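# Structural characterization, general
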Amino acid sequence: MYVPLWCKSNFSFLEGASHPDELVEEAQRFGLQSLALADRDGVYGIVRAYEKARETGLHLLLGAQVTLDDDSTIVLLAQDRNGYGNLCRLLTKGRLRSPKGESRVTWLEVCGHATGLVALWGGERSRLGRADEEEAFDLIAGPLREAFGDRLYALLTRHRRAEEVEQEARLRARALRHEIAVVAAVEVLYHTPARRPLQDVLTCIRHGVTVHTAGNRTKPNAEHFLLTPHAFERLFADDPAAVARTLEVASRCTFSLAELRYRYPSERLPDGMTSSEWLRHLTFQGARFRYQSDDIPADVTAQLDKELALVDELDYCGYFLSMWEIVEFCRAQGILCQGRGSAANSAVCYCLRITAVDPVRMGLLFERFISRERAEPPDIDLDIEHERREEVIQHVYMKYGRERAAMVATFIRYRTRSALRDVGKALGFPETELHRLTKLYSHYEGVENERLQHAGFDAASPDVQRLLDLARDIQDFPRHLSIHPGGFLLGHEPVPAFVPIENATMPGRTVIQWDKNDVEALGLFKVDLLGLGALTHLHHCFDLLKQHRNIDLDMARIPADDPATFAAIQRADTVGVFQIESRAQMAMLPRLRPRNYYDLVIEVSIVRPGPITGGMVHPYLRRRNGEEAVEYPHESLRPVLEKTLGVPLFQEQVMKLAVVAADYTPGEADQLRRDMAAWRRTGRLEQHRDRLITRMQKHGIALEFAERVFKQICGFGEYGFPESHAASFALVSYAGAWLRRHYPVEFTCGLLNAQPMGFYSAATIVEDAKRHGVVLRPIDVQQSAWDCTLEKLPPTAPGAEPKFVELPNVAFRAKSAFAIRMGLRYVKGFGKSEWGKIAAASAMRPFTSLDDFVARTDLNEGQLAALAEAGAFECFGTARRQALWRTQGLSRATPVELPVDDEAQPDFTPLDALETIGWDYTRTHHSTHGHPLEPLRATLRGMGLPDARHLSHGTHGDRVRYAGIVICRQRPGTASGVTFMTLEDESGFVNVVVWKQVFEQYAIVLKTEPFLGVTGRLQVERGVVHLIADSLWKPKLQRAPAASRSHDFH
Amino acid sequence: MDRLACIDVPAVPLQLLLRAHPQWVGHPVAVVDEDVPQGMVLWHDETARQAGIRRGLRYAAALGLCSELRAGVVDAKTIAVCVAGWLERLRRFTPGVESCSDEPGVFWLDGRGLRGHYRTPRAWVDALGQESLAAGWTASIVCGFDKFATYAVAKSLASREGAGRKSASGESASRGGARVVFATPQDETVALQRVPLDRVGLDPRARDTLGKLGVRTVGEFVRLPAAGLLRRFDGATYRLHRMATGQFALPPQAEQEVEPVCAEADLDPPELDVERLTFRIKQMLDPLLDRLEREGRALATLELQIGFDGVGPVRGRPAVAHVIRPAAPTLDAVQLLGLVRLWLDATLLPSGVVALVLAVEPTVARHEQLSLFVAKPKRDRLAAARAFARLRAALGDDAVGRVRLTDGHLPEARFTWERIDRLAEAALQPRDDLVRERGVDTTVLVRRLYTRPLPLPSRPPQEPDGWLLCGLDHGPVARFVGPYVVSGAWWRSEIHREYYVAEMRQGDLLWVYYDRRRRQWFLQGIVE
C-alpha cells in the first residue's frame, strides 16, 4: 500500500489533466486510503476534492507545489490547521508580489512558514536533484532542514526517464549528507494514461506552442498517471522503505477542511450593547419606520422575535449588521440598492431595509433563508445600481482592510468555442479556420461533427477527429481564475489564514482562490454585491423627474396597482422594463395578463426553465383563464397552493408542500430544495421520491397528483425562482413599467443613459420610443451633452401632439413637453474625455462655426470625423460629407498654413434617407431619423413583403412572407431545439419560431444574416402572433439596410 | 506600335492560395498577412468583395460580413518566385517589361518597336492572352496609351471577366481573362473615368474616407482638388491623383537584367588532363576577377559547370555543376585555383571535358584597415576558414559541419547537423587543474548513435547461453538497466519505445530499445 503524495489536478491550470473528483474516485477504486492534492501554487481545487473525499471516505492530504524565486519547486503538505494557515499565508505572499497567474516565494519565507507543514523536496525542478554547486545547495538545505526538522523529506520521483538516474543519485547523496529521509512518489498529472494527449495539449496551450513544435515542453512519456499500489511498489521495488514512508507522511498530515473555524467580522457596537441587542434595536427601529407606527402589527413582532432568536442562536448577528451597514452606506451616498434572493424571506432584512418586500404580508417562508437544521450561513444578495457598484466595493475594502476582505473568484472554464479554439491551435490548425469554425457555434452547443462540415473541415480526417475528441475532453476544465461579479469573503481572522489571496487583473482588486460554490460548501459567509442596470435606470429616471418636473419620487413612493400600467404590461408593451422585456416574457404577458403586483411576481418566475420543464405553465394559464377548474388534491394544501391556483410555481411552495403533505420539518424541506437544485448533478432527489409520495398518499392525496408534484419538483432542478426573489424583482419591474407608462420620455432617456444593460440595443429602444410618440433629437455638438438630456418642446411643436396610426404592442402615446436630445456618449470612437474638451470650450462661449469648433476643442482627426459622420455638425449648416471633408483639412492644418477657406470646396452628393440612417447606425448604433427599413418600405411592398403592423392583424394559418432586421436569436435549452427570433421593422416586432428541422436546413443564414426574410405561417393565439418559419432567405435588395448588433443566444 | 499594355494577374497571392487549397474554389477567399483572427486582409476574391470585404479589414471583422470566408497566408518568397516566372514569360513578348513593386501580378509592357512582330495591337494582346492561358493563369490585359489608365481599367476588368462580351472600346472576354484594346486615347480616358475607385490600389483609409464622401469612381476622384487631397490624405493618394490626371505619363520602366559575371568555353579536343584543365579555368577566371576588381567587387562563390564528351546535358545544364566557396570573398586567383584543383582531384571525370562554364556570384569588396601591431591571437580563425574551404572543395559542402542541440525527446530528435562557414569564438573551458582540485569526476561516457537504429533479431530472453539480444557478436546480456520510456507523437503515428542500457558479458555497453508498436528490439547506439 502507498499514498500518492504529489497529485496535481486541473486546478494546476493548463497542466493537470484530471478533475480533483476524478483523482479521488480513481484512488478510491484502487483501494488507496489517502491521497495528497498539491496543485501548483494554489489550493483552488481542494474544496471539490474534499467534498468528494468526504463522500467516498478517502483521507485527503492538502497542500501545494510551491514555486521558489530560483524557479525550483517544493511540495508542502498541511499537517494541521496551523500548517494549513501557514501554507495559505505563504502562497498569498508569493501571489501578491507576482504578476497574475504566477507566484514566487523565497527560501527564507518557506522556512519562516514551516510550522505545521511537511515538506517534500524533490521532483524534476527541485534543487535537491539539480546539478548545482554543492556549496550553493548546502546554503539552502541547511536552513530548510533546521526549519522543518524531520518533517523534511527527500521526494524521490520516478517516471521512467533516463535523466532521472543521475538526479536520483544526486538526491540520495545529498539526502544522506543532510540526514533527510527519502520518500517515494510519482508526479501525478492525470488519473489515467488515456488523458496523456490532453495533458500534452494543455502544456502546449500554456506555452503557446503546437504539439509539433513543443519539443521538451511536453512530458516525454505517459508515466504521470495514478498508479495502483502494486504498480507503485514494483516501480520502487528496490527501496521499500521509501514506499512505506508515504504512509508515514500521510499519518502525520491529519488536517481536514472540516477544521476551519470561521468567525464573521464583528461590527463596531454602541457602548454596552452586544451585537444581538444592537441588531434587535435596529430591527425594531426599522419596523416602526416600515409600518409607520409605534404599534408594530402583532404577527410582524412575532415573526421578528422568531427570526432574531434564531439569528442570535446561530451567531449570525454580525452578518446582518454588516449588510445593514453596507445598505446604510448606499443610502447615505444616494446609491440605489435592494436585497434579493432568499433574504427577502426575512422580516429582519425587510425592517433593516436590506430588502423591500414584506415577507409577513406576502406569506414568505423564513426557513428558505435560514434554518436550524442546515448549519449554513444565510446568503444575502444585494443589488446595487451598476454604475456605482465600485464605490461600494471600495468602501468594503476600506472598512475591513485587504486582509479581511477579498473578492470571491470564478473559474473561467472551457466551453465549446474556447475548447475548439485552444485545442485546435495546439494541434496546429490554422487560426483563421478555427476562428471561422468557432463563429458557427453558439454558447450552449456541444462539439458536433455537423458544424465542422459546415466550416469546411473534413470530419472524417483523423486530425479533425482528434480535435473533436480533445475538445470534448477539455470541456469544463478550468482555464484561469477570474473575479466573481460581486462576491466578497469577509473574515474576523485575516482571510489568508483560510485561503490564499492573489491579484486580480483589474487594478485594486484582490481575489481568493475559491469560487462561490467552494465558499458555500465550507459554510463561509459571503456578501454578494451585484451590479444591476435596472436600478441605475430607475435612478436616472428619478433624477430627470426631479430636475425637469420637480417631482420627488423613489421606489417606495411609486403608486401601487396602477391600472394604466398593468394595461400596458398586458399588451407586452414593455421594452426596457426589467425582467419582463425579453422575447419570452413578452410572448407570455398577453396570455397571463397580469392585473396586480402578485401577478407580476408570477410572471417574473413562470418564464423559467423550472416551471416550463415541470409542466406547470399551461395548467396555470388554463386555470387562470377559467378553462380548467382550480382544484386541490387535499384541503390541507389549499393554503399552500391557493396563490398559484393549485399549481406549485415557487420553490417555497414545494417546501411548504413537503411540510404540510409529507411531514417534512422546515429544515428537511430546505434540504429538499438543495437537492432539487443539484439533482442533475448528484441524483440525491431520488431519495425523496418514495418518502414524498408515500406520505402524501397517507394524507389522502391521490398517487397521480403526488407523482405529478414530484415531476414538478424535478423541474425546479433546472432553474426555478424562489417566490421572495421574484417578489424583489417584480418590485423593480413594476417601478420600471409605471415610469414607462407615465413618464416615457424620462424612462427612455434614463434607459439610454444606463446602457449597456437589458435586452435591447439602443436602436430598438429609440425606435420603440418613437412609436410611442417620444420626440428624439439627433446628436448635435451645440446642444448635446455626454448623456442624453431632455429639451423643452414648444407647446405647438410638431411631435408634442402627434398623429399616429395603430401599431402593435403600443399601449399608449406620450404627450410630453420634452424631447430627448441624444448624447455624445453614443458616438462610436468618441470618449468622455473628449466630451470634456467640448464642454470646457463651449462653457467659455458658444461655438459660432465648424472652424471655430475645430480651433477651440483640440480634437484629433478621428474624433472630428466621428462627429461629422454622426451628423453632429449639421447645427452649423454643414452637411455630413462637407463636414467630413472640411474637418479633415482643418485638423491637419498647421498654424503657419494659409486658411482652408482659400481652398476650393468640392460639391459632394448629399446623403439620401437610407444613407443618412446607415451613417447613423454605423457611427451611433441608432438613428433618430428613421428605421433602416423605412426608406426601403416601398421596395419591400413591391416585393410583396408586409410590415409588422400588417402581420399583427393577420389570421391564424395565413401563409406570409416577411423581411425584417434581426434583433434577437434564442435557442433555449428547454425548447427542444426550437429557435426563437425577433425581427423588427419601422412598425414593430415580429416573433418568429424556427423548428429544429428548419433550423438545421437554414442554420447559416439564420445565424449570420442581420436582415432576414422568412416564409411561413401565422400562429395567432390569444392575441399573440408568431410566424412559424418554413424557410429563411436573404432578401435581394440593391442596397442593404443598416442593422444594429443583435442579442443572440444568451 | 506606340502602345503599352498592362497585364493584371488578379491577386496573384490569392490565386496561389487557391492552388494550395483547391477545395476552397467556389467559396469566398482572402489572403491575410498573419494566420490569426486579427490578421489583415491583403487580397480577396470577387465573392468576398461583394460581401463588403475590403483590403485592410481584419479577418475577424471580415468573417462578420461573410461567415463563409476562407483565409490563408501566402509567404513573400512564393509570391516573388511567381512574379519572377511571369517576368521571364513576358520578356518573350517585349524586352521592356516593368513589374509593379506595390502590387504583385501587375506588369506593364512596352510595345514600342514591335510592329514587325505583331501586325496590330490586338494581335499582340491576343498573343499575351494565349500565353497566360497556357500558363494556367487568369489575367486581364489592357492595351492603351497611359500606364495608369491601362492599369486602372485592367483592375476593373477582374470582376467582369468571363462575360464573353465585346464593347465599343474593344473589350472582349475569353477564357483566361478579359482583354481590352483602346483605339484612341480618348476612349481610354472615358473608360478610366468609370473605373471604381476601390480598384486602383488606394490606401484603405483613404479609400474608405473617399467612399464616405461619395467619391467612388476615378472620374469623381480626379475632380477633387489636388491640394485638398494632399492636405487630407497621404502622399500616395496624392500621387495616384496626379497619375489619374495624366501628370505621370511615363513609359514602362523596364527592369534591367543584371549582366551575369560568367565565362564559357568549348574544349576541342576533349580535355582529360586535370593540370591542363586547371590552367584553362585560370585563363577564364582571370578576366572575370579583373572585371570584379574594376567594379569594386569580389568573388563570393564560383560555380563551375562542366560538360563531358558523350554525356548529354541534364535539363539543359552541363552534366556536373559544383560551387566553390572561398573562406572569404576574394580576388585571389591562386587561392581559388587551389580550391578548384582540390575539387578536380577529388572528382572522377567520366570522360573528356568538352564544355566549361564559370559563373561568379559577386559581392561588394570589403577593405579592412591594416593592423600592424595588433597581437596575433593563438587561434587564427581566418586560417581555419581557409582550411574549411579546402575541405569543402575536396569533400563536398557537407564535409564541414557541427551538431546543434534541438528540443525533442527521441535521441534522433535531440540534435541536428548544420554547416559551418566560420569558426565561432571559443568559449572558456574550466581548467583541468581546477576540476581536479574540486574533485569533480570528469570521466565522460560517449554514446554513439546509429543514423538509423539497427533492428535486432528476435531472441528469447532465456537461451542456453543467456539472452543473445544482439546475436552472437556481442554475446549474452549480463546486465540490463531500464526501461526508460519515450512515448508520444500521438497526433501522427504514435511511438512507444522502452530504452535499456544492456551490459554484455563481453563488456560492451549497448543502448537498445524495444519498440512496443512494432514489437521489435532495435540497437540505438553503443556506449564507449
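Whatever comes next refers back to the structure up there.
This text gives an overview of the structure that appears in the document.

A word on the overall build of chain A. Looking only at helices and strands, chain A has 44 helices and 22 strands in total. Radius of gyration (C-alpha) of chain A: 33 Å, near the 31 Å computed for a compact globule of 1050 residues. A total of 1050 residues make up chain A; the buried ones form 61% of that total. Across chain A, contacts joining residues at least 24 apart in sequence account for 73% of those joining residues at least 6 apart. Carbon and sulfur atoms make up 50% of the accessible area of chain A, which totals about 40,200 Å².

Residues and elements named next belong to chain B. One open sheet holds the 3 strands; their spatial order is β3-β2-β4, and the pairing between them is mixed. Looking along the sheet, the strands with just one partner apiece sit at the ends: β3 (41–44) and β4 (70–72). With direction set aside, neighbouring strand axes in the sheet form an average angle of 30 degrees. Along the sheet, helix α1 (residues 12–20) makes contact with β2 (29–32), β3 and β4, crossing β2 at roughly 110 degrees.

What follows concerns helix α14 (residues 381–395) of chain B. Residues and elements named next belong to chain B. When the terminal C-alpha atoms of α14 are compared, their 20 Å separation across 15 residues agrees well with the 21 Å that a helix rising 1.5 Å per residue should span. Buried within α14 are the following residues: A384, A385, F388, A389, R392 and A393. As for α14, its buried residues are in contact with β12 (320–324) and α13 (333–346). After α14 finishes, the residue G396 shows a positive phi value of roughly 110 degrees.

Interface size, as often reported, equals the accessible area lost upon joining of the parts. Each partner contributes residues to the interface: chain B has 44 residues there, and chain A has 57 residues. Both faces combined, the contact of chain B with chain A buries some 4,200 Å², and carbon together with sulfur accounts for 53% of it. On the chain B side of the contact with chain A, R231, R232 and W490 of chain B bury the most area, a combined 21% of that side's loss. For the interface between chain B and chain A, the tally reads 3 salt bridges. Between E869 of chain A and K212 of chain B there is a salt bridge whose closest N-O contact spans 2.8 Å. Inspection of the chain B/chain A interface yields 23 residue pairs in polar contact (both at pLDDT 80 or more). Looking at the side of chain B that touches chain A, the elements with two or more residues in it are α3 (59–65), β4, α8 (204–212), α10 (226–232) and β17 (477–488) of chain B. At 6 residues, the largest contribution of residues to the side of chain B that touches chain A is made by β17 of chain B. Looking at the side of chain B that touches chain A residue by residue, the classes come out as 21 nonpolar, 10 polar and 13 charged.

With that settled, consider the sheet that holds strand β6 (residues 181–185) of chain A. All names here are of chain A. With mixed pairing, the 6 strands of this open sheet are ordered in space as β1-β2-β3-β4-β5-β6. Lying at the two open borders of the sheet, with one neighbouring strand each, are β1 (34–40) and β6. Averaged over neighbouring strand pairs, the angle between their axes works out to 30 degrees when direction is ignored. Pairing of strand β2 (residues 59–67) with strand β3 (residues 73–78), which is carried by 5 bridges, proceeds in the antiparallel orientation. Across the sheet, the residue bridging to V66 is I74, located in β3. Across the face of the sheet, helix α6 (residues 163–177) comes into contact with β4 (117–122), β5 (152–157) and β6 while running at roughly 160 degrees to β5. Sheet contacts for helix α9 (residues 240–252): β1, β2, β3, β4, β5 and β6; angle to β6, the most-contacted strand, approximately 95 degrees.

With that settled, consider helix α21 (residues 533–549) of chain A. All names here are of chain A. Helix length check: α21 (17 residues) gives 24 Å between terminal C-alpha atoms against 24 Å at 1.5 Å per residue, within 8%. Among the 17 residues in α21, 12 count as buried, and that is most of the element. Turning to α21, its buried residues are G533, A534, L535, T536, H537, L538, H539, H540, C541, F542, L544 and L545. Those residues of α21 hidden inside the fold are in contact with β7 (337–340), β8 (380–385), β13 (526–532), α33 (723–742), α34 (744–753) and β15 (789–792). Just beyond α21, the residue with positive phi is N550, at close to 60 degrees.

Cut-offs applied
- Residues numbered from 1 in each chain as written.
- Chains lettered and ligands numbered in written order.
- Predicted model: local features only at pLDDT ≥ 70, side-chain atom pairs only at ≥ 80, totals over all residues.
- Heavy atoms only, no water.
- Helix = DSSP H or I, 4+ residues; strand = E, 2+ residues; numbered from the N terminus.
- Rg over C-alpha atoms; globule rule 2.2 N^0.38 Å.
- Buried < 20%, exposed > 50% of the residue type's maximum accessible area, 1.4 Å probe, protein only.
- Contact = heavy atoms within 4.5 Å.
- Areas by Shrake-Rupley, 256 points an atom, 1.4 Å probe, with all protein chains shown as cover.
- Pairing = 2+ DSSP bridges.
- Axes fitted to C-alpha atoms, helices over the stretch in contact; angles between N-to-C directions.
- Expected span 1.5 Å × (residues − 1).
- Buried area = accessible area lost by both parts, 1.4 Å probe.
- Salt bridge = Lys/Arg side-chain N within 4 Å of Asp/Glu carboxyl O.
- Polar contact = N/O pair within 3.5 Å; in protein donor to acceptor, adjacent residues only side chain to side chain.
- Nonpolar A, V, L, I, M, F, W, Y, C, P; charged D, E, K, R; others polar.

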